[in-house]
Amino acid sequence: MTLEISLLGPPLVRRDERPVGFDTRKATALLAHLALAERPRSRESLCGLLWPALDPEHARGALRRTLSTLRRAVGEDRLDTAGDSVALRFGDGLELDVRRFRELAGEGAPAESLAAAAEFFRGELLEGFSLRDSPEFDDWQMGEGDALRRELASVLSRLVELLAARGDYERALAAAARWLDLDRLHEPAHRALIRLYAWNGDRAAALGQYRDCVRTLTHELGVTPVEETAALFEQVSDGALAPPAPARASATTSPAAPPPAAPTALPLTGRAADLEALVAAHRSVGADGRLAVAEGEAGIGKSRLAAELIETVRGLGASVVAACCHDDEAGLAYGAAVELLRGALELTGSGDATSSQHLADASLLVPELAGRRADLPPPLSLEGPGARVRLLEAVAGVLTAACAGPVPGVVFVDDVQLADQATLDAIAYLGHRLAGRPLLLLLSWRSEGVPSGHRMRRLAVDLQRGGRATLVHLDRLDEEEVASLVRASRPGTDDLELERRIYRESEGLPLFVDEYLAAMRSGESAVDGLSGEVRGLLGARLAGLGSVARQVLGAAAVIGRSFDLETVREASGRADEETAGALDELIGRGIVRELATGEAAYDFSHQKLRALVYEEVGLARRRLLHRRVAAALGRGSRDGEAAALVAQHLRLAGDHDEAARQYLLAADHATALLAHANALEHLEAALTLGYPDAAALHERIGDLRTLIGDYGEALASYRRAAALCDPSALAGVEHKRGEVHARRGEWGRAESHLAAALDAAGALEHALRARIQADLSLNLHRSGHPERALALAGEALALAERAPDRRARAQAHNMLGVLARTAGELDGARLELERSLALSEELHDPSARTAALNNLALVWRELGDLDRALELTQRALEVCVAYGDRHREAALHNNLADLHHEAGRTEESMSHLRHAVAIFAEVGADGATRLPEIWKLVSW
């Protein structure tokens, strides 16, 4: 007897090649569930799935009747109903289409097998079928269907890749189209179609697919495509994905063409309204500052528009401080912020207009600031309370002083989408505190790099909602605007066909219009075929360069988008005069430009040109240059300041061991500046490069992820550390795993790991055992075991005093204070917590200090002294913010909200509550936010 079960599409069962019908839909549902189950199903679970509304006795009766119906339809031997479980017997003669689909789609399957699997998938799981009285079954069906749909998407993705690799573009296109039909919002499928159309020679269809992707994402999600999709669009627009055009041999040797001239700036066509909006934003700055944003895609003219505004306001007498973010400096903490401070240094001279404390504090980032005045106080300690806020306030204060004057100044940051996290902190801090700062904060960014939900976009939207921000979105030029630019570059010439061709090839992107017109002005033959790639036009700029200029240019491309004279000279190996001469030649060609910083600093005219030069440098020379650049940067910086850049160049030079060590230095530097996101990037880079002590790196990553509230990843890091570490370090790692589970409210798991930590700790390690026992006591207290908690806290104190270890004593006294407060012994609690606070202040331990301050505040609240409680909680918040523990920061905001509410200060209460909710929503982003304990943290 044969039995065929088809669940993909409308359900169909055939027995000995004849269709089988069922008396009830429940029989079909039961067969489908058993067919897809990976193990026998208990009768109880089947009753709950199919008859959730019936009591157990009636549900079991219904199951018996349905099983009887099913046996008659599919055969007695196909069902195993022994004991309390039910299963479908697979074996000879039984075929299930889902199983066949998965067999054909197995790992490593060839293209033909994958194509057959896709053909087998004839529709959605149980298409058109549902149970009206069983939402549990419908949920199961939906979950299984979603999983199968994902499997089909994987099959189609692999099939597309295999077919494209062998040049079978027609079949690959069909598979990619079906892949996209599964989810119209899936960008990888859109990208696959764009590539395939381009490789198949249908550029128009490729560009049309990109536009369809943009429309779909904008309409459905209100977002733009990610950077990878936008970059692919640029490659297709450039023709970079098409096979290279064959070289055309010349019949005769022609005289050498003159070198291309530096491009002339084109008129700011089509941007009058945008410029006026920015000028109006500057004009409206009064006692309070404003934000202005210019956004759009790559090459749309954001920087040019900002330059026009800057020229306009400088003509009015305004001061301007500007910086640009670069993709090869994204790991450099406070990269663009340092550039802004150095610009402010040039404007302020002696710095008399700047607060002496601001100058001193900002000198931690730019030491030259400390030399401006002799009377400066000592800078802040980065370990003190509120250190991070004071550092950001110092940056904002120095920039505000630099912009002072009768005409409001401008702080401009270009390409914000490339900024490091610490620089984003500085921008956000200034943006939120423009009150009382008469300046215009001008930002530019690529729309796709700052999507909906990005902190910079939230800042802009919040300020715009309050009437304090202007957002300008730059669109592509229309055909008439492009024609106007063509006519401006060719006075007295009227060539409609040329105008149309440039519009068609550039698609209205100003960057490409500029390149076509630059090639025309230079008389390059590339103009004869405007359908050629912009890549070729960029390459024409390089034709005829002298050998020394080529070498210097290659070294510059390896350094990055921007570079300075000393570094490029040292990396290229050329003499001073040779380097200076080469730079003059490159500036004259419009390949690089000199930056108006007062220093010998330069920049490529645009990123595409730098990328082209970099690609043309041979691999061996590229590695040599990266090594030389790393050496030059390392000699010219303080400890850790340029370590991220040095590490990046060493990695590209192939020296992974030294690169990993430099990434560790960069992580230390970023951590010292409280830039935890940057520190995480550096540690993970060191791990990827094979740093030998992987266990220590995983543990440090876990520490940082715990601070920022990413508990799922923190646990994963500690788990790896526990697997790799030396036995002597295991107790510490298990202790941290227990702490994270406790933060998530998983008391049982926390207790298990803390007990494992005690087992791993040596019997004589009194200090470590004391700290573990104190945390175990807190865990038992929270899980409702006060007697055991008190006993362990007492033991922890005894061990700490025996060690002796002040940190362990501080923790034990804190725990005894928490337990005493819970028991209503407020005087005893106050004494224990004051001892803990004194010890933590002696140790400069911010974590222990935060806990003692917060718990002591709770005691004073219960004693009725709200002012004292508020003062202690505010101090705890400042300390907590300084070392970056996001979960406890949220809890402290929540406690302050309660205290202000109790004191009748509604506005202050709501402000702290909003902060608490925003941070709580970030903590435990792996899904732990659904656990109420995450939101319930009050004391610890």
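Residues numbered from 1 in each chain as written. Predicted model: local features only at pLDDT ≥ 70, side-chain atom pairs only at ≥ 80, totals over all residues. Heavy atoms only, no water.

Asker: I'd like a rundown of the packing of helix α7 (residues 169-182) against helix α8 (residues 187-199), residues and numbers included.
Answerer: A packed helix pair is summarised by two numbers, namely the angle formed by the two axes and the spacing between the axes. With their axes 9 Å apart at the nearest point, α7 and α8 run at an angle of 160 degrees to one another. The angle between the axes of α7 and α8 places the two elements in the roughly antiparallel class. At the point where α7 passes α8, the crossing takes the left-handed sense. The residues of α8 that touch α7, namely those facing Tyr169, Ala172, Leu173, Ala176, Ala177, Trp179 and Leu180, are Pro188, Ala189, His190, Ala192, Leu193, Leu196, Tyr197 and Trp199. Classifying every residue of the contact of α7 with α8 by side-chain character gives 14 nonpolar, one polar and no charged. (Axes fitted to C-alpha atoms, helices over the stretch in contact; angles between N-to-C directions. Helix = DSSP H or I, 4+ residues; strand = E, 2+ residues; numbered from the N terminus. Parallel < 35°, antiparallel > 145°, perpendicular 65-115°, else oblique. Left-handed = near helix turned anticlockwise from the far one by under 90°. Contact = heavy atoms within 4.5 Å. Nonpolar A, V, L, I, M, F, W, Y, C, P; charged D, E, K, R; others polar.)

Asker: Break down a nonpolar patch on the surface for me, with residues and values.
Answerer: Together, Met910, Leu913, Val917 and Trp935 line one region of the surface with nonpolar side chains, adding up to about 310 Å² of accessible area. Among the elements that line the nonpolar patch, the one with the most residues is helix α41 (residues 906-922), at three residues. Relative to the elements of secondary structure, Met910 occurs in helix α41. (Patch = residues over 30% accessible without salt bridge, like charges linked within 9 Å, V, L, I, M, F, W, Y side chains within 5 Å. Areas by Shrake-Rupley, 256 points an atom, 1.4 Å probe, with all protein chains shown as cover. Salt bridge = Lys/Arg side-chain N within 4 Å of Asp/Glu carboxyl O.)

Asker: Before we move on, can you summarise the environment of Ile701 with the specific residues and values?
Answerer: By the secondary structure assignment, Ile701 is in helix α30 (residues 694-708). By relative accessible area, which is 3% here, Ile701 ends up buried. It is 40 Å that separates the C-alpha atoms of Ile701 and Pro110, two residues lying 591 residues apart in sequence. Aside from chain neighbours lying at most four places away, what touches Ile701 is Leu680, Leu683, Glu684, Leu687 and Ser717. (Buried < 20%, exposed > 50% of the residue type's maximum accessible area, 1.4 Å probe, protein only.)

Asker: Tell me about unusual backbone geometry, residues and numbers included.
Answerer: Ala803 connects to Pro804 through a cis peptide bond whose omega is -20 degrees. With respect to the element layout, Pro804 can be found in the loop between α35 (786-802) and α36 (806-822). One non-glycine residue, Leu126, adopts positive backbone phi at about 50 degrees. Note that Leu126 resides in the loop between α5 (111-120) and α6 (135-165). By relative accessible area, which is 2% here, Leu126 ends up buried. The phi dihedral of Asp415 is positive, around 55 degrees, even though this residue is not glycine. Note on placement: Asp415 falls in the loop between β10 (409-414) and α16 (421-432).

Asker: Account for the side chain of Asn678, with residues named and values stated.
Answerer: Structurally, Asn678 is set in helix α29 (residues 676-688). The contact partners of Asn678, leaving out residues within four places of it in the chain, are Ala330, Gly331, Ala333, Asp420, Gln421, Ala422 and Ala670.

Asker: Please set out the pattern of salt bridges residue by residue, giving values where relevant.
Answerer: Under the definition given, this model contains 57 salt bridges. Among the salt bridges present, the one from Arg875 reaches Glu871, with a minimum N-O distance of 3.3 Å. Here Glu871 and Arg875 lie together in helix α39 (residues 866-883), a separation of four residues that amounts to about one turn. Residue classification places Arg875 among the partly exposed positions, given a relative accessible area of 25%. Three or more residues joined by partner-sharing salt bridges are found here, namely Glu841, Arg849, Arg868, Glu871 and Arg875.

Asker: Explain the packing of aromatic side chains residue by residue, including any values.
Answerer: Overall, the coordinates contain eight aromatic pairs when judged by the stated rule. Both rings, one in Tyr210 and one in Phe233, keep their centres 4.2 Å apart while their planes meet at 10 degrees; by these two values the pair is stacked. Here Phe233 lies in helix α10 (residues 227-238) and Tyr210 lies in helix α9 (residues 203-221), a separation of 23 residues in the sequence. Grouping residues by exposure puts Tyr210 and Phe233 together as buried. When the centroid spacing of 5.9 Å and the interplanar angle of 65 degrees are considered together, the rings of Phe563 and Phe604 count as edge-to-face. Here Phe604 lies in strand β15 (residues 601-604) and Phe563 lies in strand β13 (residues 562-564), a separation of 41 residues in the sequence. Given the relative accessible area of 4%, Phe563 is considered buried. Taking the relative accessible area as the measure of exposure, Phe604 reaches 0% and is therefore buried. (Phe/Tyr/Trp six-rings, centres within 6.5 Å; stacked < 30°, edge-to-face > 60°.)

Asker: Lay out the nonpolar core in plain terms, naming residues and giving numbers.
Answerer: Counting 103 residues, the largest nonpolar core has Leu291, Tyr334, Leu365, Leu443, Met456, Leu553 and Phe563 as its most contacted members. Sequence-distant contacts of Leu291, that is, excluding residues within four places in its chain, are made with Leu434, Leu440, Leu441, Leu443, Leu459, Ala460, Leu463, Arg468, Ala469 and Thr470. (Core = buried A, V, L, I, M, F, W, Y, C linked by side-chain atoms within 4.5 Å.)

Asker: I'd like a description of the sheet that holds strand β1 (residues 3-6), backed by residues and values.
Answerer: Reading across the sheet, the four strands line up as β3-β2-β1-β7 and stay open at both edges, with mixed pairing between neighbours. Pairing within the sheet leaves two strands with one partner each, and these edge strands are β3 (18-19) and β7 (94-96). Summarising the sheet, β1 and strand β2 (residues 12-15) pair through four bridges and their orientation is antiparallel. Paired with Ser6 across the strands is Leu12, a residue of β2. In the packing of helix α4 (residues 97-104) onto the sheet, the strands contacted are β1 and β7, and the crossing angle to β7 comes to about 70 degrees. (Pairing = 2+ DSSP bridges.)

Asker: An account of the packing of α35 against α36 is requested, with residue identities and associated values reported.
Answerer: The N-to-C vectors of α35 and α36 enclose an angle of 155 degrees; their axes lie 8 Å apart at closest approach. Judged on the interaxial angle alone, α36 and α35 are roughly antiparallel. Crossing hand, α35 versus α36: left-handed. Contacts between α35 and α36 involve Ala789, Leu790, Ala793, Gly794, Ala796, Leu797, Ala800 and Glu801 on the former and, on the latter, Ala808, Arg809, Ala812, His813, Met815, Leu816 and Leu819.

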